Amino acid sequence: MTLATIADDAGGATGPAPLFVVRVATGKDTGKSRVLDWNVAPRVLVGQSRLCEVPLADPRVSRRHLALAPAGHAVRMTDLGSTNGTRIGGVRIVEALLAGGETIEVGDTTFKLVRAGSMPELGAPRAGFGRVLGRSPAMQRLFALAERLATSPSPLPLLVEGETGTGKELLVEAMHEAGPRARGPLVVHDCSAFTGDDDLAALFGRESAGAIELAHGGTLVLDEVGHLGDGAQARLAAFVERGAVQRLAGSAPIRVDVRVIATTRRDLERLVQDGSFREELLYRLVGARLEVPPLRERAGDVDLLARHFWALFGGAGELPRTFALTLGQHDWPGNVRELEHAVVRRISLGDDLSAMLQTGGPGAGQGARGADFLDRVLDMKLAMPHARQKVIEEFEQRYVTRAIAEHGGNVSRAAAASGLTRRYFHMLRSKMKAPR
């Protein structure tokens, strides 16, 4: 396999970005074409699945065979672990930047990528959507699409995809608050937290209401929907189709008006192929699809987010330049969440522990109390990762306590001011109440 760069203008070209078209040249789908309008679909999937933007009837093509995405004035083509591979000029390719004019081979099908004018403009750039921040082209496209979907009067089911830590839940919260259901409840069901009958009861209810009923008039978020058990998947597919839920205790069906938004970091098409996710449920969940890009594909956003977290968590003065440069050199496999933790660690610990002790601990307002806590942690003689974690937990608890106090005990307002989702803020608060 080859990691190839066929075009080298991903970031260097200027002027309007080109508009590309995919045209099938040979195979069962000869003549089929698709305009690659990144403002409508920031990533275009090619494969056998009818949920792909370019569906192919070729039996030698995988369900999700490859992805096409913008990369400056080029197109980034990525093979998605297909069975029979993706080739250009007979060479099997894992990833490539394409300039237009290339012929791509998948199974018994070939298609061409051609330029066809310029991309339509998105309009004035924006710093964020709700509390999701980003100035990169990838995030500007995401914000525009998310806003259109959020404000639509149709309760179209959505699937939000993205790696761990990209901010899927925060985007969903922003969409709920921007839409016509903002006054209704936002109910998050963590699909990875339950198994068997507990999963069914939490979602559908037994004698009392489950998550679906509680979301009536608002939005139901199925967080990490790929973890749902088979029984819950079957009942959920029926609910999405009919709009009625039946509790496990056997009551009459109850009509429920909700917008369903599912999130996942897993490849649901692959789970369908493996037999662990129901195809009919996937089709019903994907009225539209959004993908939150990883931080490594968001040029310039690391610095923007680092400065935001620095101010949010009480960093003294401006974000240190050397620290900012170090952050910019990292790939961030844990994405925005990892970056947030890195900034919190810097605020809590400084360059090193000795410097931290000289400044009196995490937060200028903590005084001797911060230094005393650090002394106690150091006296425990823990390994560095465990000691650091204790400092982070202490910082989180102090931050939550102060935020709630500053907002008169109103947890929802404190969560909003903190820049965290309500669910994550409540999780931090519950950790404070748990035995330590």
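Residues numbered from 1 in each chain as written. Predicted model: local features only at pLDDT ≥ 70, side-chain atom pairs only at ≥ 80, totals over all residues. Heavy atoms only, no water.

**Regarding the overall build of the chain**
(1) Moving on: For the chain, the helix and strand inventory stands at 15 helices and 20 strands.
(2) Moving on: Residues classed as buried in the chain amount to 48% of the 436 residues present.
(3) Moving on: Contacts in the chain between residues far apart in sequence, at least 24 positions, make up 62% of those at least 6 positions apart. (Helix = DSSP H or I, 4+ residues; strand = E, 2+ residues; numbered from the N terminus. Buried < 20%, exposed > 50% of the residue type's maximum accessible area, 1.4 Å probe, protein only. Contact = heavy atoms within 4.5 Å.)

**Some thoughts on the packing of helix 8 (residues 301–312) against helix 10 (residues 335–349)**
(1) Moving on: Put simply, helix 8 and helix 10 touch, their axes get as near as 9 Å, and they point 45 degrees apart. The orientation of helix 8 relative to helix 10 falls into the category oblique. Both helix 8 and helix 10 take part in a crossing whose hand is right-handed. Within the contact between the two elements, helix 8 uses Val302, Leu305, Ala306, Phe309 and Trp310 and helix 10 uses Val336, Leu339, Glu340, Val343, Arg346 and Ile347.
(2) Moving on: When its residues are assigned to classes, the contact of helix 8 with helix 10 shows nine nonpolar, no polar and two charged. (Axes fitted to C-alpha atoms, helices over the stretch in contact; angles between N-to-C directions. Parallel < 35°, antiparallel > 145°, perpendicular 65-115°, else oblique. Left-handed = near helix turned anticlockwise from the far one by under 90°. Nonpolar A, V, L, I, M, F, W, Y, C, P; charged D, E, K, R; others polar.)

**A look at helix 14 (residues 411–418)**
(1) Moving on: Listed as buried for helix 14 are Val411, Ala414, Ala415 and Ser418. Along helix 14, the residues classed as buried sweep out an arc of 100 degrees about the axis, all on the same side. (Arc of directions from axis to C-beta.)

**Points about the nonpolar core**
(1) Moving on: Core analysis: the biggest nonpolar cluster contains 32 residues, and Ile212, Leu222, Leu236 and Phe277 have the highest contact counts within it.
(2) Moving on: Every element with two or more residues in this core is listed here: helix 3 (196–204), helix 4 (211–214), strand 16 (219–223), helix 5 (230–242), strand 19 (259–264), helix 6 (268–274) and helix 7 (279–285).
(3) Moving on: Those residues within four positions of Leu222 in sequence are excluded, and the remaining contacts are His189, Cys191, Leu203, Leu236, Val260, Ile261, Ala262, Thr263 and Leu285. (Core = buried A, V, L, I, M, F, W, Y, C linked by side-chain atoms within 4.5 Å.)

**Section: the sheet that holds strand 19**
The strands that make up a sheet pair up through hydrogen bonds in the backbone, lying either parallel or antiparallel.
(1) Moving on: What the five strands build is an open sheet, ordered 15-16-19-14-20; its pairing is parallel. Among the strands making up the open sheet, the edge pair consists of strand 15 (186–190) and strand 20 (288–291). If you compare each strand with its neighbour and ignore which way they point, the axes differ by 20 degrees on average.
(2) Moving on: Inspection of the sheet shows strand 14 (residues 158–161) paired to strand 19 by four bridges, in the parallel sense. Within the sheet, the bridge partner assigned to Val160 lies in strand 19 and is Thr263.
(3) Moving on: Sheet strands touched by helix 1 (residues 137–151): strand 14, strand 19 and strand 20. Its angle to strand 20, the strand with the most contacts, is close to 150 degrees.
(4) Moving on: In the packing of helix 2 (residues 168–178) onto the sheet, contacts are made with strand 14, strand 15, strand 16, strand 19 and strand 20, and the angle to strand 14 comes to roughly 145 degrees. (Pairing = 2+ DSSP bridges.)

**Digging into helix 10**
(1) Moving on: The first and last C-alpha atoms of helix 10 sit 21 Å apart over 15 residues, in line with the 21 Å expected at 1.5 Å per residue.
(2) Moving on: Counted residue by residue, helix 10 has 11 buried out of 15 residues, so it is predominantly covered.
(3) Moving on: When we look at burial in helix 10, the residues that qualify are Asn335, Val336, Leu339, Glu340, Ala342, Val343, Val344, Arg346, Ile347, Ser348 and Leu349. (Expected span 1.5 Å × (residues − 1).)

**With respect to the environment of Pro18**
(1) Moving on: Residue placement: Pro18 occurs in strand 2 (residues 18–26).
(2) Moving on: On the accessibility criterion, Pro18 (6% relative accessible area) is buried.
(3) Moving on: Residues Pro18 and Ala74, 56 residues apart in the sequence, show an inter-C-alpha distance of 8.0 Å.
(4) Moving on: When near neighbours in sequence (up to four residues on either side) are disregarded, Pro18 contacts His73, Arg115, Gly117, Ser118 and Met119.

**Concerning the pairing of strand 11 (residues 109–118)**
(1) Moving on: The pairing of strand 2 with strand 11 spans seven bridges and is antiparallel. In the strand pairing of strand 11, Val24 is matched with Phe111.
(2) Moving on: Counting the residues between successive antiparallel strands, the hairpin from strand 10 (residues 103–106) to strand 11 contains two residues, one of them, Gly107, with a positive phi of roughly 55 degrees.

**Some thoughts on the pattern of salt bridges**
(1) Moving on: A full pass over the atoms with the stated rule returns 21 salt bridges.
(2) Moving on: For the salt bridge of Arg76 with Glu95, the shortest nitrogen-to-oxygen distance reads 3.5 Å. With Arg76 in strand 7 (residues 74–79) and Glu95 in strand 9 (residues 91–98), the pair connects residues that are 19 residues apart, well separated along the chain.
(3) Moving on: What makes Glu95 partly exposed here is its relative accessible area of 24%. (Salt bridge = Lys/Arg side-chain N within 4 Å of Asp/Glu carboxyl O.)

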